[in-house]
Amino acid sequence: MNKLSRKYPAFILCFVFLNFISIASCPTWAQSHAETIVVDTHAATHPFPHYWERMFGSGRAILSLRESYRHDLREVQKATGFEYIRFHAILHDEVGLYDEDAAGKPVYNFSYVDQIYDGLLENHVRPFVEISFMPRKLAAQPSEHAFWYKPIVAPPKDMDKWADLVTHFAQHLIERYGIDEISNWYFEVWNEPNIDFWVGDPKEQTYYQLYDATARALKRVNNRLRVGGPATAQAAWVDRFIQHTVENSVPVDFVSTHVYANDSSEDVFGTHEAIPRTEMVCRAVRKVHDQVEASPRRNLPIMWSEYNASYKNEPAVTDATFMGPWLADTIRQCDGLVSMLAYWAFSDVFEEQGVVKQPFYGGYGLIAEDGLPKPAFNAFKLLHRLGDQRIAVDSKSALATRRSDGALVMALWNEFLPEETGEEKAIKVVVKGMPGIHRAVMTRLDTNHGSVLNAYAAMGKPVTPTQAQIKQLRLAANLGPPETLQIRQGGISITLPPHGLALVEFH
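Keep in mind the model is a prediction, meaning the values are calculated, not measured.

About the thresholds
- Residues numbered from 1 in each chain as written.
- Predicted model: local features only at pLDDT ≥ 70, side-chain atom pairs only at ≥ 80, totals over all residues.
- Heavy atoms only, no water.
- Helix = DSSP H or I, 4+ residues; strand = E, 2+ residues; numbered from the N terminus.
- Rg over C-alpha atoms; globule rule 2.2 N^0.38 Å.
- Buried < 20%, exposed > 50% of the residue type's maximum accessible area, 1.4 Å probe, protein only.
- Disulfide = S-S within 2.5 Å.
- Arc of directions from axis to C-beta.
- Contact = heavy atoms within 4.5 Å.
- Pairing = 2+ DSSP bridges.

Trainee: Which residues make up the overall build of the protein, and what are the values?
Mentor: Counting its secondary structure elements, the protein contains 16 helices and 22 strands. In terms of overall size, the protein behaves like a compact globule, its C-alpha atoms giving a radius of gyration of 26 Å where 507 residues would be expected to give roughly 23 Å. Counting only C-alpha atoms and orienting by the principal axes, one finds that the protein spans roughly 105 × 55 × 50 Å. Within the protein, the proportion of its 507 residues that are buried is 56%.

Trainee: I'd love a proper account of the state of the cysteines, names of residues and values included.
Mentor: Scanning the entire structure with this criterion turns up one disulfide. Across the disulfide from C282 sits C334; the S-S distance is 1.9 Å. Taking the sign of the S-S torsion, -105 degrees for the link of C282 and C334, the bridge is left-handed. Remark: C334 occurs in helix α13 (residues 323–334) and C282 occurs in helix α11 (residues 280–293); sequence separation between them is 52 residues.

Trainee: Can you tell me about helix α16 (residues 467–476), naming the residues and giving the values?
Mentor: Every buried residue of α16 is accounted for by Q469, I470 and L473. The buried residues of α16 occupy an angular sector of 100 degrees when projected down its axis, which confines them to one face. α16 presents Q467, K471 and L475 as exposed residues on the side facing more than 90 degrees away from its buried surface. Here the buried face of α16 lies against β14 (372–373) and α15 (453–458).

Trainee: Describe the pairing of strand β16 (residues 398–402), and please don't skip the residues or the numbers.
Mentor: With four of five residues buried, β16 is to be regarded as a mostly interior element. Judged from the three bridges that link them, strand β15 (residues 389–391) and β16 form a sheet pairing that is antiparallel. Among the inter-strand pairings, Q389 is bridged to a residue of β16, identified as R402. Two successive antiparallel strands, β15 and β16, enclose a turn made up of six residues. For β16 and strand β17 (residues 408–414), the ladder comprises five bridges, and the chain directions are antiparallel. Residue A398 lies in a different strand from β17, and its bridge partner there is L412. Linkage of β16 to β17, two consecutive antiparallel strands, is achieved through a turn of five residues, within which G406 is found at a positive phi near 90 degrees.

Right under this line is the structure:
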């Protein structure tokens, strides 16, 4: 102020100050700082299959026999129409599939396997079969993973016995459900063999031995069975895996791998970049997409069979409204790069770290204990309403689509990292080429809409809510009624709070 005082007379300073106050309080000035998104409905579109809601992960196989699991599955299936479920441990001893008699001869029992897969099919979901983990009596050594249910992560003691197990497994499925049904399933060999889910030594070469024996056994049963891998963590091995299958004439129908948004750049890319949680997943997806494109089998589908915003238990991430914008933006970034992107997991009926102790602990699921929908569940529910044709828009905070009923449907969001406070964001959408639009309706997901967390906090965050409290929390988790928006000069204006997501439909 001293420099300005010396340069200008007092009356000029007063004039400037009064004009500054006037401009700062003017709504038109505020609007000039809003993001304006122009949607040309006559612009070229491209197909926008809902690749993000075709498959979900879940807790291990045996949990699917619980009513709580099946309740949550039905809720997510109703919200998204998803087609496939993937879980670990269909070969775990608790499922009872494999045993050996006193002479060491294999004994097979498919009772629980049938109940598990019958339950999925009755709920209109097919299995994405992860062939894991090793039955104890078939394992070369009793190497247990740290998970609460102690899966065996060792190679087989006899690869011929392993191939015989795979053969009997596949034959039984075909006999029970028919090849026309089973040919729609996927068979993925193992889970994350590049980290602590596989103790073969050396890891990669011994995994390839397991994969080769499995893939060949499946194809001997019926060539229509679809098999793939390497199901790695951190987007690893895919290029070398494809090269291995080519050089050794090993069957492969798809590739699969995983990444989490808080994986390190060192583990995923071998670099020291600081890649934010908002970019890691699709950076990894693009890496694998480019590897497949450059490979001798460039048309292989990419099945991203696990991802989430965190591999840790972080309530401020996976339980929070942060997930709405994060999911929408991930869908935007990964479009066209992957056949399926499978969120891990659909439900907190999940026991990798033991029995769930409280409803909101940062679990992977869309639905918390006691059937309580999280904000992420409502995000999937909203994004399901997007169309199947995508219209290009110049924004990193929007998806514009056309639905089969002719409606223009948009997702708009205000994304910040979980640790950031953030600020409100004003967005103006201008629609061109759609003169007949008469109304727009918006459904919100944010701290005050479609989130159970405020109601849970108001109750004092009970560790074991009562039945009455559970009913209140389920009501609080519902998305509110849609708002009707004013259409002015061919568009709308909205304000989104930090971590806010909105679904807008123009009719």
